[in-house]
Structures are given as structure tokens and as C-alpha cells.
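Secondary and tertiary structure notes
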Amino acid sequence: MDTNTKRKLIADVRKLSNGVYPSRPVYQHGHFCVRAFHLILSYPGYSLLLCFLIYLQMMDLKLYFKIRSRESLDFTTTKTSTNQTSSIHIFDPLPVKKIMVEPIIHYVRSPLAEQVETTLHFTYYFPFISANAISYFHCFLSLISVKFLASESLFRRRLGVCIFQFRTFLDCVDGVVFRAHSHNKRYKSYYGDFGYYVDVVSDILGGTCLIIGCLLYFYKQRPFRSIPARTNGYTSSSASDGGSEETDMMILNLEDEQSSPRIQPSPPPSTNNETTSQTLETKQTIFITLASFSLRYSLAAMFWDRDVHAYEDLLDSPAETPQQKALQLSILHSPLTILIFYLWRYLCALSIQDYLQFAIFIDRTWEFITKTKTIWWIWLISTVVLTELHIDQIRSLFLGLSSS
């Protein structure tokens, strides 16, 4: 390709970017709401996602009124016979753990897991399969998902997300199977039981495998990082100029790309008119970023489990006196308690897992991890401090009531 031909191609591309040739569709020039409406109509996946989010918010709104009207738990009806078929109730009973669990588990996975038992009679046809056996199996699925999550293929990473989602569903099934075998319908954590520690280890392994899969993928396909670039006094007239300069470099280097195939995708080289340039993130930066994310994830899991245990002892334990029962209900119905419960629903480790898997599915993993780290630390630390102060205040109220 001679110089005149290259110049002609560059001129044609610049005409396209300057609007001489057919420009962008009309809806792209409209308001954000117009563009969003076009995406919802054009892509069914966006419509389904929007409907799912609306469903979660409507159920959370209903949950608020259910909490405000909840009475003390009836501990005399937690036992059920083997011949009694249990129906699925999302809001009845409503213990503290169910209130603080993430919305997708509360409204989707747990009802489906209970449906496996009530409709398919899983424990009746497979009595030899224990809850711990199911936990061991979804630990195996967690290890399998690492291979797919670390793949350079987006399709294989999405397949890894589906495997991990099935693993999370089995995490709900093992609780249903445990309650069916023990003939106990109460939704709570049985601290000190062997199954509790098996479930904790399986959850830790699942989160570890998810983060390791992301780490291995970033080591294979390192993300780009924007850095400031020097200028020589020239300024670009519009955002399209930068795009045309990138296209110029792509056209001018066309023959080189044909002679030597590109192995690692690289950003366009910076020119004098550009104010920023891009370079690959170092492996050290990637490791530190994932380590910081792992720390947020671990703290969220640790404090969520600790606070659920504390609130269960304070608000779901049998009341010894009518005054203690009235105090429990007053604290449970208070707006501050409900606010803390809702914060943990969206900040717990299981919610973080779903956020990360959604980012992997849409191929925005690095953007999600880096752009949410600051706000996530602020919300997590604020929620932890607020919860600890609230629990200490509740304990002091019960201590004062018992001493009076």
C-alpha cells in the first residue's frame, strides 16, 4: 500500500468520524433514558434483568412491612413429622437469619431448594444423601469452576459462572436437607454442630476459588491502565479526533500486523495530541488489588456471621418475661434495626459473590473490582461500626431489664 492510498483511507475515516458520512443512530444522540429504553427493547436480556431487579425491590418492600408486623417466633411448632409435607413460605416464619440473608437467596434460591424437598421429596427417595455429602459435592464444583473462570474465552468464563451458581444453589439445598433429616423447620445456624463447620469450610473454599479464578485470568489477560501522557501544546477539537488518530495508527501499521500476528492485545500508542495513554497493569498491582478485594470479602463474611449470631441470641431467643418479649419486639420493629438488616443483605459475602459473578458474565470484572473498592470500604466499615454499637446498646438494655 503506497502513501497516497494510506492518506486517502485516513481521510475517509476522518470524514466518517466528523459526520460527513452516515453518523450514529438517532437514539444515541438522545437522553440517557431514551438510550436505556432502546436497549431494553432491543435486547431481551436487559428486559429480563430489569424485571428481576424490580421483583427483588418489590419483595424487599414487602419484607419491610412483614418485619414491622412480625411477632415473636413460635418455638413449639418447629418440629414436624416425617409424614407432614411442609409448604414454602418466604416470609413466614421470619427469623433474623432469613431477614439478613441476601435477596437472591431469600427470594429465589431458598424457595427453589425447598421446592426440591416439598415437591420432589428428595430426602424420601434419597435418604442416604446427607447435607454434608451435598456440601462436599459443591466443594468439588467450586474447584471445577476455577478452570473455567480462569479461561481467556468469555464463553468458558460464563460457563464457569453457571457452574458456580449451581454450586451456590446446592449450598441452599444442603440446609433444606439438614432440616428435613432433623425434622426441624427452624431457619437458623446451628453453631458448634459438625455440619456448621463443614458449611463454613465449603463457603470459604467457594469464595477462594472464585477469587483465584479471577486472579489467574488477569495474569493471562492483564487489564489496561490509563496514565497521563505529555503534550506539546496541541489540543484535540473533539472526542472524535482521538478516535481518528487511533484509527490512523491502525491503518499505518496495517502491513506490520499482517506480517507479524498480534499475540497480546496492546493499546494504541500515544501521540502528541493525546492527554492520556494506556499500559498493562503489572502482576504486582493485580495481586494487591485482588488481595484487597479478598480482605473486603473476608471481613464481610466474618462480621455478617458474627452479627447474625448476636441478633439471633438477642431477638430470636425465647423470652423469659413479658417485659423481655416486648423489648425484643420493640427493638426488632425499630427503623434502625431494619436499616442495619438491609445493609447487611446487600453487603454480605454472598451478595459480593453475586456481584462479582455478574461482572464476570458481562466481562467487566476488573472495572467492578477497581471502581467499587473505595465506596465498598466506606459502606462496609460504616455498617460494621454501626452494627457493633447497636448490639452493645441492645445488650445493655437487656442487662438493665434483668437487673431491675
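Residues numbered from 1 in each chain as written. Predicted model: local features only at pLDDT ≥ 70, side-chain atom pairs only at ≥ 80, totals over all residues. Heavy atoms only, no water.

**A look at the UniProt feature "transmembrane region" (unreviewed entry) in the protein**
As recorded in UniProt, the sites labelled "transmembrane region" (unreviewed entry) are residues 32-56, 124-150, 194-219 and 374-391. What you have in residues 124-150 is 78% helix and 0% strand, and the ends, taken at the C-alpha atoms, are 39 Å apart. Taken end to end, residues 194-219 is 100% helix and 0% strand, and its first and last C-alpha atoms sit 37 Å apart. (UniProt positions renumbered as here; feature names shortened; annotations may be inferred. Helix = DSSP H or I, 4+ residues; strand = E, 2+ residues; numbered from the N terminus.)

**Let's talk about the packing of helix α14 (residues 335-347) against helix α17 (residues 373-403)**
The axes of two packed helices give the description: the angle between them and the distance between them. At their nearest, the axes of α14 and α17 sit 10 Å apart, and the two run at 140° to each other. One element, α14, and the other, α17, form an angle in the oblique class. As α14 packs across α17, the resulting crossing turns out to be left-handed. Contact with α14, carried on its side by L336, T337, I340, L343, W344, Y346 and L347, involves W376, W379, L380, T383, V384, L386, T387 and H390 of α17 and no other residues of that element. Split by residue class, the contact of α14 with α17 holds eleven nonpolar, four polar and no charged. (Axes fitted to C-alpha atoms, helices over the stretch in contact; angles between N-to-C directions. Parallel < 35°, antiparallel > 145°, perpendicular 65-115°, else oblique. Left-handed = near helix turned anticlockwise from the far one by under 90°. Contact = heavy atoms within 4.5 Å. Nonpolar A, V, L, I, M, F, W, Y, C, P; charged D, E, K, R; others polar.)

**Describing the state of the cysteines**
According to the stated counting rule, one finds zero disulfides in the structure shown. Of all cysteine sulfurs, the one in C139 lies closest to C209, which takes part in no disulfide; the gap is 8.3 Å. (Disulfide = S-S within 2.5 Å.)

**Considerations on the pattern of salt bridges**
Under the criterion given, the structure shown has eight salt bridges. A salt bridge links R167 to D203; the shortest N-O distance between them is 3.2 Å. Taken together, the positions of R167 in helix α8 (residues 154-181) and D203 in helix α9 (residues 194-220) put the pair 36 residues apart, joining distant regions of the chain. Using a relative accessible area of 24% as the deciding quantity, one classes D203 as partly exposed. Salt bridges sharing partners connect three or more residues here, namely E102, R109 and D354. (Salt bridge = Lys/Arg side-chain N within 4 Å of Asp/Glu carboxyl O. Buried < 20%, exposed > 50% of the residue type's maximum accessible area, 1.4 Å probe, protein only.)

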